[in-house]
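# Inside the fold
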Amino acid sequence: MIDKIAASATQALAHVPDGATVLIGGFGTAGIPEELIQALISQGARELTVVNNNAGNGDTGLAALLAAGRVRKIICSFPRQADSQVFDGLYRSGKIELELVPQGNLAERLRAAGAGIGAFFTPTGYGTELARNPDGSPKETRDIQGRSYVLEYPIHGDVALIKAEAGDRWGNLTYRKAARNFGPVMATAARYTVATVHRVVELGGLDPEAIVTPGIHVSKIVPIERVATRAAGFRQEGVKR
Amino acid sequence: MSGYRPRTKLELAQRVAMDIPDGAYVNLGIGMPTLVANHLPADRDVILQSENGILGMGPAPSEGDEDFDLINAGKQPVSLLPGGAYFHHADSFAMMRGGHLDICVLGAFQVSATGDLANWSTGEPGGIPAVGGAMDLAIGAKQTWVMLDLMTRQGQCKVVDCCTYPLTGIACVSRIYSDLATFDCSSHGLTLVDKVDGLDHAELVRLVGLPIRR
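Remember, it's a predicted structure, so these values are computed and weren't measured experimentally.

What counts, and at which threshold
Residues numbered from 1 in each chain as written. Chains lettered and ligands numbered in written order. Predicted model: local features only at pLDDT ≥ 70, side-chain atom pairs only at ≥ 80, totals over all residues. Helix = DSSP H or I, 4+ residues; strand = E, 2+ residues; numbered from the N terminus. Rg over C-alpha atoms; globule rule 2.2 N^0.38 Å. Buried ≥ 20, exposed ≤ 12 C-beta atoms within 10 Å, placed from the backbone. Contact = placed C-beta atoms within 7 Å. Nonpolar A, V, L, I, M, F, W, Y, C, P; charged D, E, K, R; others polar. Domains from an automatic or database assignment. Pairing = 2+ DSSP bridges. pLDDT = per-residue confidence, 0-100. Core = buried A, V, L, I, M, F, W, Y, C linked by C-beta atoms within 7 Å. Expected span 1.5 Å × (residues − 1). Arc of directions from axis to C-beta.

### What about the overall build of chain B?
Helices and strands together make up the secondary structure of chain B, namely four helices and 13 strands. In terms of C-alpha radius of gyration, chain B reaches 17 Å, essentially the compact-globule figure of 17 Å for 214 residues. Projected onto its principal axes, the C-alpha positions of chain B cover 50 × 40 × 30 Å. Burial statistics for chain B: of 214 residues in total, 45% are counted as buried. Long-range contacts, defined here as pairs at least 24 residues apart, represent 64% of the contacts in chain B between residues at least 6 apart.

### Things to note about the interface of chain A and chain B
Counting residues at the interface gives 41 residues for chain A and 31 residues for chain B. If you list the elements that add at least two residues to the side of chain A that touches chain B, you get α4 (85-92), α5 (103-115) and α6 (183-189) of chain A. For the side of chain A that touches chain B, the per-class residue count stands at 18 nonpolar, 13 polar and 10 charged.

### Some thoughts on the domain arrangement of chain A
By the assigned domains, chain A splits into domain 1 (9-118 + 154-232) and domain 2 (126-152). The C-alpha-based centres of domain 1 of chain A and domain 2 of chain A are spaced at 28 Å.

### What to know about the sheet that holds strand β6 (residues 110-112) of chain B
All names here are of chain B. Sheet architecture is open: three strands sit in the order β7-β6-β9, paired in mixed fashion. Of all the strands in the sheet, the pair left with one neighbour each is β7 (117-118) and β9 (159-160). As paired elements, β6 and β7 share two bridges and run antiparallel to each other. The residue bridging V111 from the neighbouring strand is L117, located in β7.

### Some words on the confidence of the model for chain A
The pLDDT averaged across chain A works out to 94; a share of 95% of its residues lies at or above 70. This stretch, residues 237-241 of chain A, has a pLDDT under 50; its non-local contacts, to residues over four places away or in other chains, come to one contact.

### Considering the nonpolar core
Among the nonpolar cores identified, the biggest contains 130 residues, and L110 and M186 of chain A together with V146 of chain B are the most heavily contacted of them. Domain assignment of the residues forming this core places at least three in each of domain 1 (9-118 + 154-232) and domain 2 (126-152) of chain A. Setting aside anything within four residues of it in sequence, one finds L110 of chain A in contact with L23, I155, V185, M186 and A189 of chain A together with A90 of chain B.

### So, the sheet that holds strand β12 (residues 199-200) of chain A
All names here are of chain A. Strands sit in the order β10-β9-β12 across an open sheet of three strands; the sheet is mixed. Bordering the open sheet on either side are β10 (173-174) and β12, each of which pairs with just one other strand. Summarising the sheet, strand β9 (residues 166-167) and β12 pair through two bridges and their orientation is parallel. Within β12, the residue paired with A166 across the bridge is R199.

### A closer look at α5 of chain A
For α5 of chain A, built from 13 residues, the straight-helix expectation of 18 Å at 1.5 Å per residue is met to within 8% by its first-to-last C-alpha distance of 18 Å. In terms of burial, α5 of chain A is largely enclosed, as 12 of its 13 residues are buried. Restricting attention to buried positions, one finds in α5 of chain A the residues Q103, G104, N105, L106, A107, E108, R109, L110, R111, A112, A113 and G114 of chain A. The secondary structure elements touched by the buried residues of α5 of chain A are β1 (21-24), β5 (120-122), β7 (147-152) and α6 of chain A together with α2 (89-97) and α3 (134-140) of chain B.

### Side note on α4 of chain A
All names here are of chain A. Of the residues making up α4, those classed as buried are V86, F87, L90 and Y91. End-on, the buried residues of α4 take up no more than an arc of 125°, which puts them together on one face. Here the buried face of α4 lies against α3 (62-67) and β4 (97-100). In the segment just after α4, G94 is the residue with positive phi, at about 70°.

### Overview of unusual backbone geometry
Generally, phi is negative for residues other than glycine and the peptide bonds are trans, each holding for most cases. Residue and element names in this part refer to chain A. Even without a glycine there, the phi angle at E47 is positive, about 55°. Mapping E47 onto the fold places it in the loop between α2 (34-43) and β2 (48-51). Within the chain, Q145 stands out as a residue other than glycine whose phi angle is a positive 45°. With respect to the element layout, Q145 can be found in the loop between β6 (141-144) and β7.

### Focus: the environment of L62 of chain A
Residues and elements named next belong to chain A. Tracing the chain through its elements places L62 in helix α3. Given 30 C-beta atoms within a 10 Å radius, L62 is considered buried. Between the C-alpha atom of L62 and that of V16, which follows or precedes it by 46 residues, the distance is 16 Å. If near-sequence neighbours (up to four positions away) are discounted, L62 is found in contact with I24, I37, V50, N52 and G56.

### A closer look at the environment of G204 of chain A
Along the chain, the position of G204 of chain A falls in the loop between β12 and β13 (220-223). With 119 residues separating them along the chain, G204 of chain A and Q85 of chain A place their C-alpha atoms 45 Å apart.

This is the structure:
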């Protein structure tokens, strides 16, 4: 019997090895799997490469993972924010490596990984500083039918941590509003995908026409109580924002 | 010296909004372009896209009604219009890169007369680079418009012969809306679309320092 529902986030993340590439969903406040990041901090894996759109905000979640010294390298599109002080400090003191990727190339490199694409030519970034490899050498380019493209390679994850809305024991997932963001592509791009859900339903309880991530892409589901926080989509009354 | 008054930010947003046709699919960049949403003529259906997976984005909800699963690219709470849709990030950027958006409006540090755009980094040493969706937007939409104050506070023109800041995209901007004038840009350089009352063509050419065809 297939039952992907984990007893806890801790159990779901017990086997994340040192040096793993971890894809973490989320964009701004929406879709960040806070409970899974917390569990990863407790689990203790080190020398991680993290892929996320940003590089942590404030001092919780991804920022806390960075502050704990667990991350060797971050691949993201927009690290610098008003409250990205943890990343800023590590970057300025040379304690973390940054691979800056235009956001659409980031999404497509993840999609390519999940779709078995070996590499792809994209017009995004052509002629810019980001059409260079980390060592400064130019990325391969090609002119195709009068347009110029850069060759980009997939980003494969060992683990993906994502936040969904509802799921069943086969791992089928739906999302909530713009909290969907990177979740569906990251789920396909990792060998082991863990999703939090606010609701677990019986098989057949999700409309097959509305399932966004089919269960084949999901390894474990962690049910999480919906408490009223920004990370859960709602403002927490009486709590400082 | 001619007497003229620059467009205010609000007037500039109105000027851009006036040119967005009924039925257009549009992405408004972070910062000044976001203001355009407030000035779209009520008799036009304009569908706004947000890079984080929203089509049919509506205005900010009232205080207390925010839903932080529903935010725009600037991470501010927004709403969804009836008929709106959600999709994942790879689909959202395929929508841009695939040329499905009619217009995107972006801010800029510099734009060249031939439409090169620099809007993501000033290349300052020690700065932390961040690009977000700027490069995808710049080259993806059918038309990329830029919205800016023509001159820097130091009195340098942001429309230049050749960008000195790191590029976002090459020959991607087709129109520049500024507080003093509106230009088309192409491989032939700048063409004047309009300018504020009282600003002589000669004075505008002096400020820009480049040929401007009428």
